Amino acid sequence: MAAARVVLPQPVTFVTGNAKKLEEVRAILGQSVPFRSIKLDLPELQGEPEDISKEKARLAAKEVNGPVLVEDTCLCFNALEGLPGLNNLLMAYEDKSAYALCVFSLTIGPNEEPITFLGKTPRHEEEFAYINSRFDDILRSWKEVKGKIVSARGPNDFGWDPIFEPDGYDQTYAEMHKEEKNKISHRYKALALVKSHFADAGYTFQTSPSNRDLFQVAKSF
Ligand SMILES: O=P(O)(O)OP(=O)(O)OP(=O)(O)OC[C@H]1O[C@@H](n2cnc3c(O)ncnc32)[C@H](O)[C@@H]1O
Ligand SMILES: [Mg+2]
């Protein structure tokens, strides 16, 4: 018997205040997940990345009163034991290695528990087994994006892209073509899990995003 399909009252709303992030999410998701986007000023929360992300999703779902997707990204420095970073502080350390971590949380409604998707190595055995059973192919190369901090190179229009050089590349994220970054990035890795989840869950929508919604998104940035 086919699994019951969850019907969502409206398309997923991706909540962000960051236009560059939205651009990448659009490019990576393509048509695979129907979503629209709004800009909401949500508080910058403190704590573990997954907890922050879940709380952000809960707050956003209350505001939107429907299904939401949120994302948080950090550039974490190994010299600071994974603390997100202050670049100047790092200059005092020899270890310039870092990793880019991306967490998405999806919640299908204001009273639902958020599900998180991490562009990072799973920490717990059970988590690993769970993801592995579902996303075998993705997981084979599954890691946070490792790299190092360098002096800024390339256009300066998106956060820390000019100072992050992923391992195995001689360009910073900022110097790469957009399509190249989107094929290897922390955001790509986390969104691959989001896509698999949507393919698995087979959500259907009572309404789909209209041109009007898309137009409003374009205007809000
Ligand atoms: O509204 P939200 O979605 O939270 O957008 P934000 O700009 O606050 O984004 P984050 O909290 O996730 O990110 C913290 C910082 O990291 C930067 N950032 C996020 N993703 C990045 C990427 O892929 N490359 C470079 N910088 C990035 C971003 O510009 C912020 O200054
Ligand atoms: Mg933020």
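Look up a bit, the structure's there.
Since this is a predicted model, take the numbers as computed values, not measurements.

A. Looking closely at the overall build of the protein chain. Within the protein chain, the secondary structure is distributed over eight helices and ten strands. Carbon and sulfur atoms make up 50% of the accessible area of the protein chain, which totals about 12,100 Å².

B. View of helix α1 (residues 19-29). Among the residues of α1, Lys-20, Lys-21, Leu-22, Glu-24, Val-25, Ile-28 and Leu-29 are the ones counted as buried. Structurally, the start of α1 carries an N-cap: the backbone nitrogen of Lys-20 is 3.0 Å from a side-chain oxygen of Asn-18. One or two steps after α1, the chain reaches Gly-30, where phi turns positive at roughly 50°.

C. Seen up close, the side chain of Lys-56. Inspection of the secondary structure puts Lys-56 in helix α2 (residues 49-64). Setting aside chain neighbours within four positions, we find Lys-56 in contact with Leu-42, Leu-45, Val-70, Glu-71 and Asp-72.

D. Inspection of the side chain of Glu-24 at higher detail. Turning to its location among the elements, Glu-24 is positioned in helix α1. Under the relative-accessibility criterion, Glu-24 is labelled buried at 0%. A distance of 2.6 Å separates the side chain of Glu-24 from the side chain of Lys-178, its partner in a polar contact. Beyond its immediate stretch of four places on either side in the chain, Glu-24 contacts Phe-158, Asp-161, Lys-178, Lys-181, Asn-182 and Arg-187.

E. Fine view of the environment of Glu-165. Mapped onto the elements of the fold, Glu-165 is located in strand β9 (residues 164-166). With eleven residues separating them along the chain, Glu-165 and Met-176 place their C-alpha atoms 9.8 Å apart. Look past the residues within four positions of Glu-165 in its chain and what remains in contact with it is Gly-147, Lys-148, Val-150, Arg-153, Asp-170, Gln-171 and Thr-172. At 2.9 Å, the side chain of Glu-165 forms a polar contact with the side chain of Arg-153.

F. Molecular detail of the site of ligand 1. Around ligand 1 sit 16 residues in total, of which Thr-16, Gly-17, Lys-21, Lys-56 and Asp-161 are the nearest. Here an oxygen atom of ligand 1 sits 2.7 Å away from a polar atom, N or O, in the main chain of Gly-17. Lys-21 places a polar side-chain atom, nitrogen or oxygen, 2.7 Å from an oxygen atom of ligand 1. The protein chains hide 78% of the 600 Å² of surface that ligand 1 would expose on its own. Mapped onto the shell around ligand 1, the elements with two or more residues apiece are β4 (68-77) and α7 (186-201). Considering each element in turn, the shell around ligand 1 owes the most residues, three residues, to β4. When the residues that make up the shell around ligand 1 are grouped by side-chain class, the tally is two nonpolar, six polar and eight charged.

G. The packing of aromatic side chains, seen in detail. Tallied over the full model, the rule gives six aromatic pairs. Taking 5.8 Å as the distance between ring centres and 80° as the angle between the ring planes, the aromatic pair formed by Trp-160 and Phe-164 counts as edge-to-face. Since its relative accessible area comes to 0%, Phe-164 is described here as buried. Considering the side-chain rings of Phe-198 and Tyr-203, the 5.1 Å spacing of their centres and the 75° angle between planes classify their relative orientation as edge-to-face. Three or more aromatic residues joined by ring pairs make a cluster, and in this case those are Phe-14, Phe-35 and Phe-104. Its guanidinium or amino end placed over the ring of Tyr-173, Lys-181 lies 5.0 Å from that ring's centre, counting from NZ or CZ.

Scoring rules and cut-offs
Residues numbered from 1 in each chain as written. Chains lettered and ligands numbered in written order. Predicted model: local features only at pLDDT ≥ 70, side-chain atom pairs only at ≥ 80, totals over all residues. Heavy atoms only, no water. Helix = DSSP H or I, 4+ residues; strand = E, 2+ residues; numbered from the N terminus. Areas by Shrake-Rupley, 256 points an atom, 1.4 Å probe, with all protein chains shown as cover. Buried < 20%, exposed > 50% of the residue type's maximum accessible area, 1.4 Å probe, protein only. Polar contact = N/O pair within 3.5 Å; in protein donor to acceptor, adjacent residues only side chain to side chain. Contact = heavy atoms within 4.5 Å. Near = heavy atom within 4 Å. Nonpolar A, V, L, I, M, F, W, Y, C, P; charged D, E, K, R; others polar. Phe/Tyr/Trp six-rings, centres within 6.5 Å; stacked < 30°, edge-to-face > 60°. Lys NZ or Arg CZ within 6 Å of the ring centre and 35° of its normal.

None of the figures reported here should be taken as evidence of function without further support.
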